[in-house]
Amino acid sequence: MLDTVMVWIEKNRKRWLGDAKNWLSIASVSAQPEHEADVQAAAEWAKDYLRTIGMAVELIATKRHPCVLATTPDSLCAADAPHVLLYGHYDVQPPEPLE
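In short, a report on the structure.

Parameters and conventions
Residues numbered from 1 in each chain as written. Predicted model: local features only at pLDDT ≥ 70, side-chain atom pairs only at ≥ 80, totals over all residues. Heavy atoms only, no water. Helix = DSSP H or I, 4+ residues; strand = E, 2+ residues; numbered from the N terminus. Buried < 20%, exposed > 50% of the residue type's maximum accessible area, 1.4 Å probe, protein only. Contact = heavy atoms within 4.5 Å. Areas by Shrake-Rupley, 256 points an atom, 1.4 Å probe, with all protein chains shown as cover. Polar contact = N/O pair within 3.5 Å; in protein donor to acceptor, adjacent residues only side chain to side chain.

## Structural notes on the overall build of the protein chain
Right, so step 1: When you go through the protein chain residue by residue, the secondary structure sums to two helices and two strands.
Right, so step 2: When its helices and strands are written in sequence order, the protein chain yields α-α-β-β.
Right, so step 3: With the C-alpha coordinates of the protein chain rotated into their principal frame, the extents come out at 45 × 30 × 20 Å.
Right, so step 4: The burial tally for the protein chain puts 17% of its 99 residues in the buried class.
Right, so step 5: In the protein chain, the share of contacts with a sequence separation of at least 24, taken over all contacts with a separation of at least 6, comes to 36%.
Right, so step 6: Just so you have it, the protein chain exposes about 8,100 Å², and 61% of that area is on carbon and sulfur atoms.

Shown next as structure tokens:
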């Protein structure tokens, strides 16, 4: 089974790296007000990408930047399947101060 997974990873590696580069190219600097639209664009990018892989996705409004919540639809997993929580940030911090 591991061999099958490794083949699948290698087969998709180039596409996944391209997707990651596209997302990372968004200047989603949440600490700088001039990047407000970029932070929103990064959240939208994540929402759209997660939908393309079959997730049910919603953006949850907050006082500042939206949260992205993605869940696996019931039709894609067994009712007794284990739950996994992945947590991460789609925003970045400014590079300053540069030393």
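Next comes the rest of the write-up.
## Some words on the side chain of H65
Right, so step 1: Among the structural elements, H65 can be located in the loop between strand 1 (56–60) and strand 2 (67–71).
Right, so step 2: In terms of polar contacts, H65 uses its side chain to reach the side chain of R64, at 3.5 Å.
Right, so step 3: Leaving out residues up to four positions away in the same chain, H65 has contacts with S30, E36, V39 and Y90.

## Overview of the environment of C67
Right, so step 1: Topologically, C67 is positioned in strand 2.
Right, so step 2: Note: C-alpha distance between C67 and Q40 (27 residues apart in sequence) is 10.0 Å.
Right, so step 3: Not counting the four nearest positions on each side in its chain, C67 is found in contact with E58, L59, I60 and T62.

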